[in-house]
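# Notes for the structure review
Now for the letters of each chain:
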There are 2 protein chains.
Amino acid sequence: MAELNLDHIASRLEGLEETIIHRLIDRAQWCVNEVAYAHGQSGFANEDLRSLFELRLWHHEEMDAKFGRFCIPEERPFSGGLPAPRRAVNIPETGLHIKDFDEVNFTGAVLASYRLLLHKICRPGDDGQYGSSVEHDVYAVQAIARRLHYGALYVAESKYQGDVGGYRKLIEKKDREALLEKLTRKEVEDKIIARVKEKVRQVQAKINKEVRVEVKSESIIVYYKDFLIPMTKQGQVIYLLNREPD
Amino acid sequence: MAELNLDHIASRLEGLEETIIHRLIDRAQWCVNEVAYAHGQSGFANEDLRSLFELRLWHHEEMDAKFGRFCIPEERPFSGGLPAPRRAVNIPETGLHIKDFDEVNFTGAVLASYRLLLHKICRPGDDGQYGSSVEHDVYAVQAIARRLHYGALYVAESKYQGDVGGYRKLIEKKDREALLEKLTRKEVEDKIIARVKEKVRQVQAKINKEVRVEVKSESIIVYYKDFLIPMTKQGQVIYLLNREPD
């Protein structure tokens, strides 16, 4: 089926990577603004625990849940206890074979890595623009999580289809290291890194630096190398270990 | 004050225009999807009237209102009856002199013009991706409205400061046509159009056309020429007619 064709998947991943780049550049227009991530400092009445960022993420996901976002395999929620969809969402056959998509949910890792990334792409300090910062944080972490989970679920299934016997043997042995090695494609990873680097440069080639903050391609590349690519592969391993036998 | 310095305002407008371009390109990745704008076809239970787009806009603005978005002069809401902010928002002195920012609220015109624009930038037809379409519609109309209201409020006040006597005379006569003529800067408009054209081209220069839908710069330029620029000037006239005497 088309959803599991490797060319189709590579195209989707490339499209998702444009969104990540745009969202990170958008967020970088504001300072780090640590206060927005501090517990009990949201400024919300009767809200002693959550940070402004946590509140924004919760409210956004609560809305998204009603609209059915999390029916889509690659849209894994950051929050628990979300409401059921209020509309029927038409999900085409995914071709995935896993009981619960949330068995592959790496949103906790996305949040932790994103907080570190902010210090690489944003100017340090505080410009008071907390509302705009957390609004764009939500767009950015959703774009990152979408790419990670899409790559984990669909790439794993596609590779599995390419060598059912080989993967089945390693899955039965629960051999995580051998699975990781088998699904690694170093040349594809290098191609992604090179493309991301060129795109970050290209998208900002003609910006007016007095108006827009520029994001160095290095910070986004390191994020891909150290987090997004390895974590996607971890997600593929988890998918395979949870994949239902044919 | 810095907020009313024309160079500062021009920079802000340029930044806001990048956001509009990105948001429109994002939305164009999906088909027109007329069903998402049809009343009574949202698929939401117990929701006979509003379209999926109207519901998404309402829910998004309800969240935004709680976070204090509409305390900002250029963030004018599309919806009425929104809740009060749940946090104290720190608004620096704006330098604007108008009793109620909503005296300049052109969101109705933004919605009407945007629906027409969709047919210019999106492929015709239906791809079933209604949730994604309306999510990106909200980001796009907010970006357009922000630019329009920012340009209306701050540019008008700045021009007023440049010739208080001249403007005051026309305001007292309520002479809309003379006000419109006085605040028009044809050479600035031409510069904006040329810059938008170049940016739409540049941002998409290296896209993979098998992955991303390309938006023709012509559609966005026509939108600027026929709607955004003239409507911003109408907003400036309204601001001036409602401006409090010094």
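To keep things clear, this report deals only with the structure shown in the data block. Since the structure is predicted, the reported quantities are computational estimates derived from the model, not experimental observations. Per chain, residue numbering runs from 1 following the sequence as it is written. Just so you know, chain letters begin at A and ligand numbers begin at 1, following the order they were written in. The predicted origin of the model limits local features to residues at a pLDDT of at least 70 and limits the giving and counting of side-chain atom pairs to 80 or more, whereas totals for whole chains, interfaces and linings rest on all residues. Excluding hydrogens and water, the side-chain figures rest on all heavy atoms present in the structure.

It is worth spelling out the side chain of B:E61 at this point. All names here are of chain B. Turning to its location among the elements, E61 is positioned in helix α2 (residues 52-67). For the exposure calls, accessible area comes from a 1.4 Å probe over protein chains only, and a residue counts as buried if that area is under 20% of its type's maximum, exposed if over 50%, partly exposed in between. For the charge count, each Lys or Arg is scored as positive and each Asp or Glu as negative, with His and the chain ends excluded. Salt bridge, as used here, is a side-chain nitrogen of Lys or Arg placed within 4 Å of a carboxyl oxygen of Asp or Glu. Despite its burial, E61 pairs with no opposite charge; the closest candidate is R69, at 6.6 Å N-O. The term polar contact refers here to a pair of N or O atoms within 3.5 Å; inside protein, the definition further demands a hydrogen-donor-capable atom paired with an acceptor-capable atom, and it admits residues adjacent in sequence only when both atoms are side-chain atoms. In terms of polar contacts, E61 uses its side chain to reach the backbone amide nitrogen of F78, at 2.9 Å. Among the polar contacts listed, one links the side chain of E61 to the side chain of S79, at a separation of 2.6 Å. We call two residues contacting when some pair of their heavy atoms lies within 4.5 Å. Not counting chain neighbours up to four residues away, the residues in contact with E61 comprise F70, R76, P77, F78, S79, L82 and Q142. Helix and strand definitions here come from DSSP, where helices need a minimum of 4 consecutive H or I residues and strands a minimum of 2 consecutive E residues; each element is numbered from the N-terminal end.

This structure, assessed with the given rule, holds 53 salt bridges over all chains. In this structure, A:E157 engages A:R243 in a salt bridge whose closest nitrogen and oxygen atoms are separated by 2.7 Å. Of this pair, A:E157 sits in helix α4 (residues 130-162) while A:R243 sits in the segment after α8 (217-242), and the two are 86 residues apart along the sequence. A salt bridge links B:E47 to B:R50; its shortest N-O distance comes to 3.2 Å.

This next bit is on the relation of the copies chain B and chain A. We place the copies in one frame by least squares, fitting the C-alpha atoms of every residue whose pLDDT is at least 70 in both. Placing chain B over chain A gives an RMSD of 0.0 Å and needs a rotation angle of 180°, together with 0.0 Å of translation along the axis. Each copy turns onto its partner about a two-fold axis. If distances are taken from each C-alpha of chain B to the rotation axis, the shortest is found for B:V203, at 2.6 Å. Mapped onto chain A, 100% of the interface residues of chain B again fall at the interface, so both copies present the same surface.

Time to look at the interface of chain B and chain A. Chain B puts 40 residues into the contact, and the matching count from chain A is 40 residues. When two parts are put together, the accessible area they lose, computed with a 1.4 Å probe and summed over both, is reported as buried area. Note on chain B versus chain A: buried area summed over both sides is about 3,700 Å², and carbon and sulfur give 50% of it. Area buried by chain B at its contact with chain A is led by B:F67, B:R86 and B:R87, which between them contribute 18% of it. For the interface between chain B and chain A, the tally reads 8 salt bridges. Salt-bridge contacts for B:E135 lead to A:R69; the nearest nitrogen and oxygen are separated by 2.8 Å. The interface formed by chain B and chain A includes 10 residue pairs in polar contact (both at pLDDT 80 or more). Looking at the side of chain B that touches chain A, the elements with two or more residues in it are α1 (6-27), α2, α4 (130-162) and α7 (186-203) of chain B. With 9 residues, the single largest contributor to the side of chain B that touches chain A is α2(B). Residues are sorted three ways: Asp, Glu, Lys and Arg are charged, Ala, Val, Leu, Ile, Met, Phe, Trp, Tyr, Cys and Pro are nonpolar, and all the rest, Gly among them, are polar. Looking at the side of chain B that touches chain A residue by residue, the classes come out as 13 nonpolar, 13 polar and 14 charged.

The quantities given are spatial measurements derived from coordinates; they are silent on function.
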